[in-house]
Amino acid sequence: MTEPVSELLMFQLGARVFATTVRDVVRIGNIADVPRDALVEGTSLGPTFARQRGLVVAAPEGGAESTLVVDQVLGVRTVPESELQPLPAFAAAVLTSGAISGLVLLDEAPTLIVDLPILVRERLAAAPPRPSPPAATA
Amino acid sequence: MSQVRPSSEAAPSGAGHAGQDAWFFCLRILGGRYAFEALLVTEVVRLGPLTRLPAAPSFLPGVFMHRGEVLPVLDIGQLVGQGAIAIRASTRAAVVHSGQWKVAVISDGLEGLVVIPRRHLEAPPAESSGMAEFLSGVARDKLGTIAVLDLPRLVEAARSRAVPAGSAGT
């Protein structure tokens, strides 16, 4: 009997490597093709440097897609689900973000697993309102 | 790492003895002596490399892997606003377990098990600031005063001092 596995998309943001479940990513794109107001940056994961790629995340309840700006996409890793560790109860209770869902040990390095929909939702909720476009003149 | 649960010979639990002595696991934090009930401390571990968590409060400097389990590190000094406990390669932590909460408490040094006659236990001071609000009692032995920490109260304070998930800024 084969062990259930999970496919993780690895990406780099700033100096750190993160993982997210592949099913949360609609596609990987070039951020130059994305309207600026659909880009998501400045999340709790930290600042971006190279801003090379975008992870397109589906919006909840049929809203517009959002594109999380990342520095690099490093590939996909398949790991046994038994190796995915949930966040300890204490850490989950005191973190100011719900976007870190757990850890996985990859190449002997603990790697944080990010819940992209929650990350994007939190960032959009915290974002200052965008200025209204100027009113059309006759 | 070492197991710290006292043996049944060393920690009598029979009805005739249980009420006479209380066992504590004692640590030094920022110049003071603090303790948890010994039965809550499951082992002492050397800290592995810490993985810092985004959006973590200062009293949660990170998590580390221990025997395939992710353990959160609690800096009590930061929690009570008395300054950070220095983390070095030699830093060890007491793994404290109460209910659903399991944390690795770092300290400046570990004294280990101490036995206090129950008649030497006192109620905590009535202050509601600093470390005092997290104490379940105060004990005295020949080395001085030991403040007995209440882990569930520490955890509840930590939760109340963290901004709820979803309302964080950047």
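A short tour of the structure in this document, coming up. Source: prediction; values computed, not measured.

1. Focus: the environment of Ile28(A)
Residue and element names in this part refer to chain A.
Inference 1: With respect to the helices and strands, Ile28 occurs in strand E3 (residues 27–29).
Inference 2: For Ile28 and Glu122, which are 94 residues apart along the polypeptide, the C-alpha to C-alpha distance reads 21 Å.
Inference 3: Not counting residues within four places of it along the chain, the set of residues in contact with Ile28 comprises Leu9, Arg53, Gly54, Leu55 and Val73.

2. Thoughts on the sheet that holds strand E2 (residues 16–21) of chain A
All names here are of chain A.
Inference 1: With mixed pairing, six strands are arranged side by side in an open sheet as E7-E1-E2-E10-E9-E8. Lying at the two open borders of the sheet, with one neighbouring strand each, are strand E7 (72–80) and strand E8 (84–86). In this sheet, adjacent strand axes meet at a mean angle of 35° when their direction is disregarded.

3. Observations regarding the side chain of Gln12(A)
Residues and elements named next belong to chain A.
Inference 1: Counting through the fold element by element, Gln12 comes out in strand E1 (residues 5–13).
Inference 2: From its side chain, Gln12 meets the backbone oxygen of Gly14 in a polar contact 3.1 Å long.
Inference 3: When neighbours within four sequence positions are excluded, Gln12 is seen to be in contact with Val17, Val70, Asp71, Gln72 and Leu74.

4. Regarding the interface of chain B and chain A
Inference 1: Listed as interface residues are 31 residues of chain B and, on the opposing side, 26 residues of chain A.
Inference 2: Between chain B and chain A the total buried area reaches about 2300 Å² when both faces are included, carbon and sulfur atoms providing 74% of it.
Inference 3: For the interface between chain B and chain A, the tally reads zero salt bridges.
Inference 4: At the junction of chain B and chain A, the tally comes to three residue pairs in polar contact (both at pLDDT 80 or more).
Inference 5: Those elements that provide at least two residues to the side of chain B that touches chain A are strand E5 (62–66), strand E6 (69–74), strand E8 (101–106) and helix H2 (151–161) of chain B.
Inference 6: Of the residues assigned to the side of chain B that touches chain A, the class counts are 22 nonpolar, six polar and three charged.

5. Quick look at the side chain of Asp75(B)
Residue and element names in this part refer to chain B.
Inference 1: Tracing the sequence through the fold places Asp75 in the loop between E6 and helix H1 (76–79).
Inference 2: In this structure, Asp75 is buried with no salt-bridge partner, the nearest side chain bearing the opposite charge being Arg52 at 8.9 Å.
Inference 3: For Asp75, the side chain forms a polar contact with the main-chain nitrogen of Gly77, separated by 3.0 Å.
Inference 4: Excluding residues within four positions of it along the chain, Asp75 makes contact with Phe59, Pro61, Gly83, Ala84, Ile85 and Ile106.

6. Topic: the sheet that holds strand E3 (residues 32–37) of chain B
Note on sheets: strands pair through backbone hydrogen bonds, and any given pair is parallel or antiparallel.
Residue and element names in this part refer to chain B.
Inference 1: If you trace the five strands from one edge of the open sheet to the other, you get E9-E2-E3-E11-E10, paired in mixed fashion. In this open sheet, the two strands that pair with only one neighbour each are strand E9 (109–117) and strand E10 (135–141). Geometrically, the sheet is characterised by an average inter-axis angle of 35° between neighbouring strands, direction not taken into account.
Inference 2: Of the pairings in the sheet, the one linking strand E2 (residues 21–29) to E3 comprises six bridges and is antiparallel in character. In the sheet register, Leu27 faces E3, and the bridge partner there is Tyr34.

7. Some details on the packing of aromatic side chains
How two aromatic rings sit relative to each other is given by the distance of their centres and the angle of their planes.
Inference 1: For the structure shown, the criterion picks out two aromatic pairs over all chains.
Inference 2: Where Phe90(A) meets Phe59(B), the ring centres are 6.5 Å apart and the plane angle is 50°; that geometry is what we call tilted. Residue Phe90(A) is located in helix H1 (residues 89–94), and its partner Phe59(B) is located in the loop between strand E4 (41–46) and E5; the two belong to separate chains.
Inference 3: You can call Phe90(A) buried: its relative accessible area is 1%.

8. Quick word on the nonpolar core
Inference 1: By size, the foremost hydrophobic cluster in this structure holds 68 residues, and its most contacted members are Phe11(A), Phe90(A), Leu116(A), Phe36(B), Ile76(B) and Leu149(B).
Inference 2: The next biggest cluster of nonpolar side chains, apart from the first, holds nine residues, and it includes Ala22(B), Ala35(B), Ile116(B) and Ala139(B).

9. Overview of the pairing of E1(A)
Consecutive residues of a regular strand have side chains that alternate between opposite faces of the sheet.
Residues and elements named next belong to chain A.
Inference 1: When you tally the buried positions in E1, you get seven out of nine residues, the bulk of the element.
Inference 2: Sheet topology note: the E1/E7 ladder contains eight bridges and is antiparallel. For Leu9, the partnering residue across the bridge sits in E7 and is Val76.

Criteria and cut-off values
Residues numbered from 1 in each chain as written. Chains lettered and ligands numbered in written order. Predicted model: local features only at pLDDT ≥ 70, side-chain atom pairs only at ≥ 80, totals over all residues. Heavy atoms only, no water. Helix = DSSP H or I, 4+ residues; strand = E, 2+ residues; numbered from the N terminus. Contact = heavy atoms within 4.5 Å. Pairing = 2+ DSSP bridges. Axes fitted to C-alpha atoms, helices over the stretch in contact; angles between N-to-C directions. Polar contact = N/O pair within 3.5 Å; in protein donor to acceptor, adjacent residues only side chain to side chain. Buried area = accessible area lost by both parts, 1.4 Å probe. Salt bridge = Lys/Arg side-chain N within 4 Å of Asp/Glu carboxyl O. Nonpolar A, V, L, I, M, F, W, Y, C, P; charged D, E, K, R; others polar. Buried < 20%, exposed > 50% of the residue type's maximum accessible area, 1.4 Å probe, protein only. Lys, Arg positive; Asp, Glu negative; His and termini not counted. Phe/Tyr/Trp six-rings, centres within 6.5 Å; stacked < 30°, edge-to-face > 60°. Core = buried A, V, L, I, M, F, W, Y, C linked by side-chain atoms within 4.5 Å.

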